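Geometric and topological summary
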Amino acid sequence: MYDTPNASADVAAKATKISAKNVQVYYGDTHAIKDVDVEIQDKMVTAFIGPSGCGKSTFLRCLNRMNDTIDVCRVEGDINLDGENIYDPKVDPVQLRAKVGMVFQKPNPFPKSIYDNIAYGPRIHGLAKNKAELDEIVEKSLRRGAIWEEVKDRLHAPGTGLSGGQQQRLCIARAVATEPEVLLMDEPCSALDPIATAQVEELIDELRENYSVVIVTHSMQQAARVSQKTAFFHLGNLVEFGETGQIFTNPEDPRTESYITGRIG
Amino acid sequence: MTDASAPTPIGSGARQGKHATSLYAEDARTKKRNAAEKRFQAYGIAAISIGIFFLVVLLVSIVRSGIPAFTQTFIEVPVYLDAAKLDKNGNRDPDDLRKVSTFGYAPLIDNAIFAAVQDAGLTTEFEKAKDMRAMISASAPAQLRDYVLANPSEIGKTVEFKILASSRVDGYMKGRVTRESVARDKNIDAAHFDLIDQLVETGDVERTFNWDFITGADASESRPEQAGIGVSMIGSFFMMLVVLCLSLPIGVAASIYLEEFAPKNRFTDLIEVNISNLAAVPSIVFGILGLAVFIQFAHLPQSAPLVGGLVLTLMTLPTIIISTRASLKAVPPSIRDAALGVGASKMQAVFHHVLPLAAPGILTGTIIGLAQALGETAPLLLIGMVGYIATNVPDGIAAGFLSPNSSMPAQIYEWSKRADPAYYERAWGGIIILLLFLMTMNIIAIILRRRFERRW
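Calculation notes
Residues numbered from 1 in each chain as written. Chains lettered and ligands numbered in written order. Predicted model: local features only at pLDDT ≥ 70, side-chain atom pairs only at ≥ 80, totals over all residues. Heavy atoms only, no water. Contact = heavy atoms within 4.5 Å. Salt bridge = Lys/Arg side-chain N within 4 Å of Asp/Glu carboxyl O. Polar contact = N/O pair within 3.5 Å; in protein donor to acceptor, adjacent residues only side chain to side chain. Helix = DSSP H or I, 4+ residues; strand = E, 2+ residues; numbered from the N terminus. Nonpolar A, V, L, I, M, F, W, Y, C, P; charged D, E, K, R; others polar. Buried < 20%, exposed > 50% of the residue type's maximum accessible area, 1.4 Å probe, protein only. Pairing = 2+ DSSP bridges. Axes fitted to C-alpha atoms, helices over the stretch in contact; angles between N-to-C directions. Core = buried A, V, L, I, M, F, W, Y, C linked by side-chain atoms within 4.5 Å. Patch = residues over 30% accessible without salt bridge, like charges linked within 9 Å, V, L, I, M, F, W, Y side chains within 5 Å. Areas by Shrake-Rupley, 256 points an atom, 1.4 Å probe, with all protein chains shown as cover. 1 Å grid on protein atoms, 1.4 Å probe; cavity = no way out; pocket = protein on both sides within 12 Å on 5 of 7 lines; lining within 4 Å. Points joined across faces, edges and corners; volume = space filled by probe spheres on them. Domains from an automatic or database assignment. Buried area = accessible area lost by both parts, 1.4 Å probe.

As for the interface of chain B and chain A
In this assembly, 18 residues from chain B lie in contact with 26 residues from chain A. For the interface between chain B and chain A, the tally reads 0 salt bridges. Between the two partners, chain B and chain A, sit 4 residue pairs in polar contact (both at pLDDT 80 or more). For the side of chain B that touches chain A, the secondary-structure elements that each account for two or more residues are α13 (333–341) and α14 (346–374) of chain B. No other element matches the 7 residues that α13 of chain B contributes to the side of chain B that touches chain A. Partitioning the side of chain B that touches chain A into residue classes produces 9 nonpolar, 7 polar and 2 charged.

Written as structure tokens, this is what we have:
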């Protein structure tokens, strides 16, 4: 169970966390995602890349049923989390989202204190019995979010008063506070400057120890830096899915190669 | 070097091509554009100036006409409470005292004034005490009687009593009534004013702040000097209580459901359009609806603040729903996503995150809706709250809702209909009080807004 720096080496050893089979997504009449099959493994970073509008974010939002909030959106096919179909009528999406946390493109802290931002999830899920336990969860989450040192003296200051990079790390800390098993990140660095991006990427690499991370990104360099497996989406199709090293150095599909070399997208 | 490459002369000739103009000189297009912008600004300033001008005219005229209603003329004389007339049996039994009607008290006041005039040695053509009755309000005996019934021990003594002057005398003191204007008035003569002038000099007649106007009840048509807005203020208060308690929860719940939970389909679209239309429905339509539903069908009491409040609730609901939905819409969707993302249910997301952020907007909308309802008259016409003369302070909270009453705007409307010019002055005074209420509510809205927004 020890991770080696070169995580790509032990891809095969990891258990499958999420397996998607034959997934179709429709927005009204538009067929946004076509026949996508993906296996997402535990304790590993999986990157979704592809040009704008290719459906990678849509697919990511299927994994914790965030698409349920869009009226016209319809999902078909099987998505299994640990072998359980998350679109089963018996599944409560709220319970699912506690297991599959999400970090959004734009940092979106609640307009509350830093403490309350982190404590909100544990509170509504009843993870802490008392104040001391809650304090502990908050500290642990902020440490995991690599932001504890910066905010420990002002936990009761508003979360919206932090810088963009700090806000995004706060949001990551908030997502891990509910002890999810999978962390979905929808272009988490697109609103950040290079320094903040580097910090977040470092953090993602650390999170891999405990979580299965799925990240959607526009930046191929970022995908190459942080992920062990990469999926390339194009026009709603999953074109290629494999180990990151292989996708970037020796893609099988000509479309992948064109995208990576900058000819499409 | 050939001629072709001869250095171009420095100056205007150096600039060539399409943009060969000096930056210091405006070209024709720019000039036109700048002129248009200046013109537009001038129009704007003119529009605002016109608005401010009319606002100032309005306020000045309201204040000038209404301020006199806040002072009232009294004649202060010692009144001898004759035991022989007020308490023939001499046992101060309240039931016996009550048997003496205001007719028994009127001569006491007449005599008191007559005596005061005689004692001061004022010259007057009136020889009988009764002739001076025109100077005092017809309500004065009733007030004296109330005083005696409340203080039976004062009978047989002489008490200093502030007797309410008649509206003509009051008008004379305020400059509204002149000797010329009463030339053909049967109620009062110029001679009365001569006497008043002398009484002013002796200090027996004075104008003081008129608390009774703010706290008192309406009076009959012939006694404007006695009329006050207090009871109708209570009527308005109970109506607003009904409106607040019904329209805020119903309105906010309806908007939250429509905005956050309801599926978007034809039916909800229809509801949405209808709510917008309801906001534009003339308020008298709500009045006739209230008459039909609440009074004729449900048999609720007429003229009751409860019914008025129900009708105004119907009228206020669309305002509150529209403003609440607007402020819910203004909450960024990222907050909802964030809450759902950490595993909050939709309801938790709404109540923990969206609603607190929308609260300032909701509160402002509610208070503005309430202010609108407070100033509404037309629907009250139809449910009988106009035309009822509210002479009694409601007896307890239940009576406050159920016993007939008026409301401030209805009272103002009622006064403005009456013939006596003294009522005209009171109508303006009522408007000042109403405006003060509306201003207070708006200030509260602003303060609440600021306070809630300051929490990041």
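Details of the environment of Ile 367 of chain B
Residues and elements named next belong to chain B. Relative to the helices and strands, Ile 367 is located in helix α14. Owing to a relative accessible area of 10%, Ile 367 belongs among the buried residues under this scheme. Spatially, the C-alpha atom of Ile 367 lies 40 Å from that of Ala 165, the residues being 202 residues apart in sequence. In this structure Ile 367 touches Met 441, Ile 444, Ala 445 and Leu 448, once residues within four positions along its chain are discounted.

What about the side chain of Thr 217 of chain A?
Examined against the element boundaries, Thr 217 of chain A turns out to sit in the loop between β8 (212–216) and α8 (220–226). A polar contact is formed between the side chain of Thr 217 of chain A and the side chain of Gln 222 of chain A, at a distance of 2.7 Å.

Side note on the pattern of salt bridges
Residue and element names in this part refer to chain A. The tally for this structure, following the rule as stated, stands at 30 salt bridges over all chains. Of the charged contacts in the structure, one is a salt bridge between Glu 181 and Lys 17, with a shortest N-O distance of 2.9 Å. Separated by 164 residues along the polypeptide, Glu 181 in the loop between α6 (164–177) and β7 (182–186) and Lys 17 in strand β1 (residues 16–27) bring together distant segments of the chain. The class of Glu 181 is partly exposed, set by a relative accessible area of 27%. Its relative accessible area of 8% is what places Lys 17 among the buried residues.

What to know about the sheet that holds strand β1 (residues 71–80) of chain B
By way of backbone hydrogen bonds, the strands of a sheet pair with one another, either parallel or antiparallel. Residue and element names in this part refer to chain B. Ordered in space as β2-β1-β3, the 3 strands form an open sheet in which the pairing is antiparallel. The outermost strands of the open sheet, each flanked by one partner alone, are β2 (158–164) and β3 (205–209). Ignoring strand direction, the axes of neighbouring strands in this sheet form an average angle of 40 degrees. Summarising the sheet, β1 and β3 pair through 5 bridges and their orientation is antiparallel.

With respect to the environment of Leu 149 of chain B
Residues and elements named next belong to chain B. Along the chain, Leu 149 falls in helix α5 (residues 140–150). Taking the relative accessible area as the measure of exposure, Leu 149 reaches 22% and is therefore partly exposed. Expressed as a C-alpha distance, the spacing of Leu 149 and Ala 398, which sit 249 residues apart in the sequence, is 27 Å. The contact partners of Leu 149, leaving out residues within four places of it in the chain, are Leu 97 and Arg 98.

Here we look at the nonpolar core
Of all hydrophobic cores here, the largest spans 50 residues; its most connected members are Phe 48, Phe 59, Leu 60, Leu 63, Ile 79, Leu 184 and Phe 233 of chain A. Look past the residues within four positions of Phe 233 of chain A in its chain and what remains in contact with it is Val 36, Phe 48, Ile 49, Gly 50, Pro 51, Cys 54, Lys 56, Phe 59, Leu 238 and Val 239 of chain A. Residues Ile 62, Met 385, Ile 432 and Leu 434 of chain B belong to the second largest nonpolar core, which totals 42 residues.

Details of a nonpolar patch on the surface
All names here are of chain B. The grouping of Ile 284, Val 285, Ile 288, Leu 289, Val 293, Phe 297, Leu 381 and Tyr 413 at the surface amounts to a nonpolar patch, some 710 Å² of accessible area in total. In terms of residue count, helix α11 (residues 283–297) provides more of the nonpolar patch than any other element does, 6 residues in total. Here Ile 284 shows up in helix α11.

Focus on empty space enclosed by the protein
Residue and element names in this part refer to chain B. If you walk through the whole model with that rule in mind, you get 1 cavity of 30 Å³ or more. Within this model, the largest cavity holds a volume of roughly 40 Å³. In terms of lining residues, the largest cavity is bounded by Leu 258, Lys 264, Thr 268, Asp 269, Glu 272 and Arg 325. A per-element tally of the lining of the largest cavity places helix α10 (residues 266–279) first, with 3 residues. For the lining of the largest cavity, the residue count by class is 1 nonpolar, 1 polar and 4 charged.

A few points about the domain arrangement of chain B
Residues and elements named next belong to chain B. We note that the domain assignment places domain 1 (69–209) and domain 2 (230–454) within chain B. Averaged C-alpha coordinates put domain 1 and domain 2 at centres separated by 45 Å. Listed by partner, the interface residues are 8 residues for domain 1 and 8 residues for domain 2. By the criterion of area lost to domain 2, the three top residues of domain 1 are Ala 69, Phe 70 and Arg 176, representing 71% of everything that side buries. For the pair domain 1 and domain 2, the interface holds 3 salt bridges. For the pair domain 1 and domain 2, the interface holds 3 residue pairs in polar contact (both at pLDDT 80 or more). Examining the composition of the side of domain 1 that touches domain 2, we find that 4 residues originate from one element, helix α6 (residues 167–174), more than from any other. When its residues are assigned to classes, the side of domain 1 that touches domain 2 shows 2 nonpolar, 2 polar and 4 charged.

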